[in-house]
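As a plain string of letters, each chain reads:
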Amino acid sequence: MSADLAQNDRASPLERMAVNAILVIAVIYALYPVLWVISLAFSKGGTPELRALPIPRYRDLSLDNFRLVTGWGDPARSWLFVRQLGNSLIVSLATAAGAILIATPTAYALARHEFVGKSAGLRTLLLTQMFPGVASAVPLYLILDALHLLDTRTGLVLVYAATAVPFAIFQLRGAFLAIPVDLEEAAMVDGATRTQAFLKVALPAARPAIAVTALFAFMSAWNEFILAATLLGRESAFTLPVVLQSYVGEYNTSWGAFAAGAILVSVPVMALFYVAQRQLVSGLTSGGVKG
Amino acid sequence: MRALAVLVALVLTLVTLPGCGEPPRGVVIWHPYRGGEQKALEQLAARFEAERHVPVTILAIPYEAYLSKLEAAIPRGNGPDLFLGPHNRLGEYLLHGLVAPAGDAFPEADVAIYEPQTVAAVTTEGQRWAVPLASKCIALYVNTDLVATPPRTLGEIAAKKASLPKGTWPLVYEAQSVYFHAAILHAYGGTLFANETFAMVGPAAERSLDEARELTKQGIVPQEPSGDLVRQLFASGSAATAISGPWLAGDLENGRVHYEVVPLPTIEGAGAMRPYLTVEGAFLTREGAEQPEARAFARMLGTEAAARERAETGQQVVATRSFWTTEASRAPALKILRAFHEASNDAIPMPVSFAMNPVWVPAEDALKKVIRGEETAKVALDEAKAFYVDVMRPPPPSPSPAPLIIVLGLVLLAGAYYALRRARAPGFRRELRASKPAYKYVVHSVLTILVLVVFPLLAGAATSFFAGTRDHPQFVGLSNYWEILSVRGKPFTEYLSHGSFYLTLLVTVLWTVVNVVAHVGLGLVLGIMLARPFLRLRAFYRVLLILPWAVPSYVTALAWKGMFHRQFGAVNAILVALGAEPVSWFAKFSTAFTANVATNVWLGFPFMMVVVMGALTSIPKDVLEAAEVDGATRWQTFRLVTLPLLRPTLLPAVVLGSVWTFNMFNVVYLVSGGEPNGKTDILVSEAYRWAFARNAQFGYAAAYAVIIFGLLALMTRVLGTIGKGEEAKPS
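Nothing here was measured: the structure is a model prediction, and the numbers come from that model.

Visitor: Looking at this structure, I do not really get the domain arrangement of chain A. What am I missing?
Guide: A common way to state how big an interface is: give the accessible area lost once the parts meet. Here the domain parsing of chain A yields domain 1 (1-62) and domain 2 (65-282). Between the C-alpha centres of domain 1 of chain A and domain 2 of chain A there is a distance of 28 Å.

In structure tokens form, the structure reads like this:
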């Protein structure tokens, strides 16, 4: 079980109502602007209207925007859309996997080992997050050009993953610090090596944090478009946000198509989160920690 | 564990996937078009391919990434042969070396083919730089159901107010945009830009601003009219006339409104309103100029046959003169285009100069101030001119690099001294040996971060010692820093004046504190509530509450901006329903700031909530039970048990969250846009303005970035000390 506050089991009806009421208010706050986006997506023409209640008029209801975005009825365009969706999925999943792969061992070492340069490393890591990237697209372009990774998904994934790594390291280090060290020590007393203790004991215990961190890395790649548009050079290699952004023109924007695309883009994230939340609450029972 | 193995396998497959390889050479074209314009281009390319047996590759790039991609790719030889874009960017293209003369794509013999004003637009320095494709300008849309005969003068339009039904506007246009206001300015004989400098000053400009103000004040034009509002009001029949470009016609296709398009009206006592003209052109890059097929393709785009295709499929107001004498151009479907073609004859081509770009923001600030009635036209315009002159001040002569070398040398020396002392310390070798196993765990991270994160940042920081654009840097030593920190040489008394570095810093700090407190507070409350076992709809709540994070923020931020609209926004609708006065959200600092915060809190709380949810799982249940057994109240349990246990996972998220909020450019840019008059700008938006709206002064922007970096380093230092102090407290 998760860290449910022990007393909750005997929450009074009044308290239940209060908690539910607060959550409902929060949901309304979260949902209201999204409703506007949904209404825009399902309206014909998709002219954004400034109205208090963002519900499409019945006569305006239409799926035109979704048809436009997915290239409905035009096999070549639909196929392109599917490929771009695939690109987005591959790039974001690989970013998440890459960031976790790079960050987890480092975070573990930073949590459990003492070594020369540790504090300097931690400080540098934090410092990298402080420099606003006003124009970092061009240096990145140069580096990928030099590595012959321009116009490849691998290059884009490397850039995304590297950007996500500092936060991932911090997050995972915090998680490892929160895991009692006794578990690994017990395993090592039983004859496990350091690496085994890391892989077999610490890693499973950090699973919720890994899930959260992977979700962050996934999200950072999933919605990015400037770097993707700059570093990729073919339409079939583009990710969905690039395509979505192309509905924003210099003079006017196809808001309906943009909104429909935005909804299509957020559905996989919601699904992923729905699946991942089991990880988030399954907690430490499997690790068998006794305080 | 199995999930991790799958992920590893996935990454390995991905890395070994074949690279995308060399695109087939032939003619490569980049463009920012979509819809019909894109389709017309593709059809023309397909025909060219079939006729010439040359592969043509077309790439559509989002407008927002277009220029940066052109600037990154073309100088390194990865660019296209041909790219399409508006002529008024030519100054930038030339400065960055992106274009070559059109050569035999646009020979002397072809000059007569095109409308003369479009030829003039793409000609500068005695060279023709592009094949002119289409004109874009604004004209008057008239709702023929509401207005029988198209009005000829602005006064006629204003006079309609009395006879129109309630809730219907005589005129809608983006009154707060200088691009639209330019037409009024030209009517009064004024101009925005002349002799390479800001020229919107003097009696003509003042009278034009007063005119704009009167239109809003008398209720002829609605308040805060954005492009989308213009579209909404005209498309729903709530406006008798609208000033807009050809793009509006695309949104009126459903036929609910009957309308026609006529040239802009005249202003009594002044002259005819004359809009700005932008000409879409096909530009050749250096590679393209050397390639006969690319030149042939560009030339083909301008032919009458291609023009017809672009007009019929792409709805372009084509620049090819002869097309407009053909029978095809008289088709009813092209009626609107014809009207815009006529309007374009009176339009004034937008200046090409690179120095034009920083005119827009100060001019727009002046326009808004006057419309809101904050300042008289003269004062506002003089301020705008002074602002422009200050921004465009030439860089100081290259100083001796000595001070910079000394500063950098001292930093390096201090580092070397520290490292040496460390290495000399007793037991260092032993420590180093003992560190070896740990290094195995970190070496790959260090490499990745050095190459892909630290190196680009250092490259960025290095540009802060230069002035001018990226392609023509001029060494200025530390003067960019000095300029920022000394508020561009203003006296001490003005260090907290509007737009100064120090005032912006205060705004940024306030912005960060308010946001982070709200993020963490909401995240904690919701995260903890969602952990309560009695919640039946837990999964439902959870998924809905991360929605703000899941939907791309570009569209939701604009939804928020719309919600804060003065006349049509939801927030004011609620306020009015509650009996309060409607608020002009973006007219005052406090309310504009509130709007930004509301949006950013909305965007950011799900992140903190998820972090809290993840962190809560690492709290062993028995610890909480023990606290309960010991008779702790719930608040005590939270404060003394839960919170300290959340701390290690929460702290990095809070620290990094503060850093990210400090640099949160998007929300400020998309919601308030710095309004009013740049007062809600934070430091990083100021940096962006120098990089993108003030003649690409990347060095100055980089100096801002380095200063922000230093401030944040200092801030986290202080926060870290505070954190440690608290940890030392008995718990």
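Visitor: What am I meant to see in the sheet that holds strand β11 (residues 239-244) of chain B here?
Guide: Each strand in a sheet pairs with its neighbour through backbone hydrogen bonds, running either in the same direction (parallel) or in the opposite one (antiparallel). Residues and elements named next belong to chain B. Read across the open sheet, the four strands follow the order β8-β11-β7-β12; overall the sheet is mixed. At either end of the open sheet lies a strand with only one pairing partner, and these are β8 (169-172) and β12 (259-262). If you compare each strand with its neighbour and ignore which way they point, the axes differ by 20 degrees on average. With four bridges joining them, strand β7 (residues 139-143) and β12 adopt antiparallel strand pairing. In the sheet register, valine 142 faces β12, and the bridge partner there is glutamate 260.

Visitor: Would you mind showing me how to read the interface of chain A and chain B here?
Guide: At the junction of the two partners, chain A supplies 128 residues and chain B supplies 125 residues. The greatest single-element share of the side of chain A that touches chain B, amounting to 17 residues, is contributed by helix α6 (residues 153-178) of chain A. Among the residues making up the side of chain A that touches chain B, the classes are represented as 88 nonpolar, 27 polar and 13 charged.

Visitor: Honestly, the domain arrangement of chain B in this entry has me stumped. Any pointers?
Guide: All names here are of chain B. Taken domain by domain, chain B consists of domain 1 (23-134 + 278-345), domain 2 (139-274 + 353-391) and domain 3 (498-694). Looking at the side of domain 1 that touches domain 2, the elements with two or more residues in it are α4 (90-95) and α14 (335-345). No other element matches α14, which puts six residues into the side of domain 1 that touches domain 2. Classifying every residue of the side of domain 1 that touches domain 2 gives seven nonpolar, two polar and two charged.

Visitor: How should I be thinking about unusual backbone geometry in this particular structure?
Guide: Negative phi characterises most residues that are not glycine, and trans characterises most peptide bonds. Residue B:Glu675 is joined to B:Pro676 through a cis peptide bond whose omega torsion reads -10 degrees. Structurally, B:Pro676 is set in the loop between α28 (665-672) and α29 (683-693). The phi dihedral of A:His148 is positive, around 55 degrees, even though this residue is not glycine. Within the element layout of this structure, A:His148 appears in the loop between α5 (137-146) and α6. If you check the backbone angles, B:His53 has positive phi at about 55 degrees while not being a glycine. Relative to the elements of secondary structure, B:His53 occurs in the loop between α2 (35-52) and β2 (56-60). Residue classification places B:His53 among the exposed residues on the basis of 9 C-beta atoms within 10 Å.

Reading the values: rules and limits
- Residues numbered from 1 in each chain as written.
- Chains lettered and ligands numbered in written order.
- Predicted model: local features only at pLDDT ≥ 70, side-chain atom pairs only at ≥ 80, totals over all residues.
- Domains from an automatic or database assignment.
- Pairing = 2+ DSSP bridges.
- Helix = DSSP H or I, 4+ residues; strand = E, 2+ residues; numbered from the N terminus.
- Axes fitted to C-alpha atoms, helices over the stretch in contact; angles between N-to-C directions.
- Contact = placed C-beta atoms within 7 Å.
- Nonpolar A, V, L, I, M, F, W, Y, C, P; charged D, E, K, R; others polar.
- Buried ≥ 20, exposed ≤ 12 C-beta atoms within 10 Å, placed from the backbone.

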